[in-house]
Amino acid sequence: MNDSHFINVLLGVIAGLWVLLLGVGGYCLKRISDKLDDLVVHREGCIMAFADRDGNSRDHREFFRRTDDHENRLTRLEALQERKG
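Every chain's residues receive numbers from 1 upward, in the order its sequence appears when written. Given that this is a predicted model, residues contribute local features only at a pLDDT of at least 70 and side-chain atom pairs are listed and counted only at 80 or more, while totals for whole chains, interfaces and linings are drawn from all residues. Remark: hydrogens and water are excluded; side-chain values derive from all non-hydrogen atoms of the structure.

(A) Layout of the overall build of the protein. The numbering of helices and of strands both runs from the N terminus, where a helix is a DSSP run of H or I of at least 4 residues and a strand a run of E of at least 2. A tally of regular secondary structure across the protein gives 2 helices and 0 strands. Taken along its principal axes, the extent of the C-alpha atoms in the protein is 105 × 40 × 10 Å. By residue count, 1% of the 85 residues in the protein fall in the buried class. When the accessible area of the protein is evaluated, it comes to approximately 8200 Å², of which 63% is carbon and sulfur surface. For the purpose of charge, His is not counted, nor are the chain termini; Lys and Arg are scored as positive and Asp and Glu as negative. Charge placement uses NZ in Lys and CZ in Arg. For Asp and Glu, CG and CD serve respectively. If the 13 positive side-chain charges of the protein are averaged to one point and the 14 negative ones to another, these points end up 7 Å apart. Relative accessibility thresholds used throughout: buried, under 20% of the residue-type maximum; exposed, over 50%; partly exposed, between the two (1.4 Å probe, protein chains only). Using the Shrake-Rupley algorithm and a 1.4 Å probe, accessible areas are obtained, with residue cover drawn only from the displayed protein chains.

Structure below.
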């Protein structure tokens, strides 16, 4: 085997490894890009949901109505418990 043949084989192997590395790297970058695109779309959806002032206001009113109802019930139960005890 002469030196030029060995160098050609070595360069071919190195080129093949580069192609493999670039292919794997490109695949990984595409997956990362797709995930980032999905994340940006999700972020936009969250921003739109939080920007819904009427819906948020309605949800907060309902939450505080239920919380106040539970608070009133607890206060009555504690008062009853004190009277009995």
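Moving on, there is more to tell.
(B) Region of interest: a nonpolar patch on the surface. On the surface, F6, I7, L10, L11, I14, W18, L21 and L22 cluster together to form a nonpolar patch covering roughly 840 Å² of accessible area. With respect to the secondary-structure elements, L22 resides in helix α1 (residues 3-50). In this structure L22 comes out as exposed when scored by relative accessible area, which is 58%. Here a patch means residues that are over 30% exposed by relative accessible area and free of salt bridges, tied together within 9 Å if like-charged and within 5 Å if nonpolar (Val, Leu, Ile, Met, Phe, Trp, Tyr). The term salt bridge refers to a pairing of a side-chain nitrogen on Lys or Arg with a carboxyl oxygen on Asp or Glu at a separation within 4 Å.

(C) Looking closely at the pattern of salt bridges. Enumeration over the complete set of coordinates arrives at 4 salt bridges. Across the pair D34 and K30 runs a salt bridge, and its minimum N-O distance is 3.0 Å. Of this pair, D34 and K30 are both found in helix α1, 4 residues apart, which corresponds to roughly one turn of the helix. Its salt-bridge partner being E62, residue R66 comes within 3.5 Å of it at the nearest N-O pair. Highlighted residues: R66 and E62, both in helix α2 (residues 53-84), separated by 4 residues, approximately one helical turn. Through salt bridges with shared partners, one network takes in E62, R65 and R66.

(D) Representation of the packing of aromatic side chains in the model. Ring geometry is summarised as follows: Phe, Tyr and Trp rings, the Trp one being its six-membered ring, pair when their centres sit within 6.5 Å, and such pairs are stacked at plane angles under 30 degrees, edge-to-face over 60 and tilted between the two. The full count for this structure, using the stated rule, is 1 aromatic pair. Aromatic pair F63 and F64: ring centres 5.3 Å apart, planes at 70 degrees, arrangement edge-to-face. Here F64 falls in the partly exposed class, since its relative accessible area comes to 45%.

(E) Fine view of a negative patch on the surface. A cluster of acidic side chains, namely D68, D69, E71, E78 and E82, defines a negative patch on the protein surface. Along the chain, the position of E82 falls in helix α2. Classification of E82 by relative accessible area gives exposed; the value is 65%.

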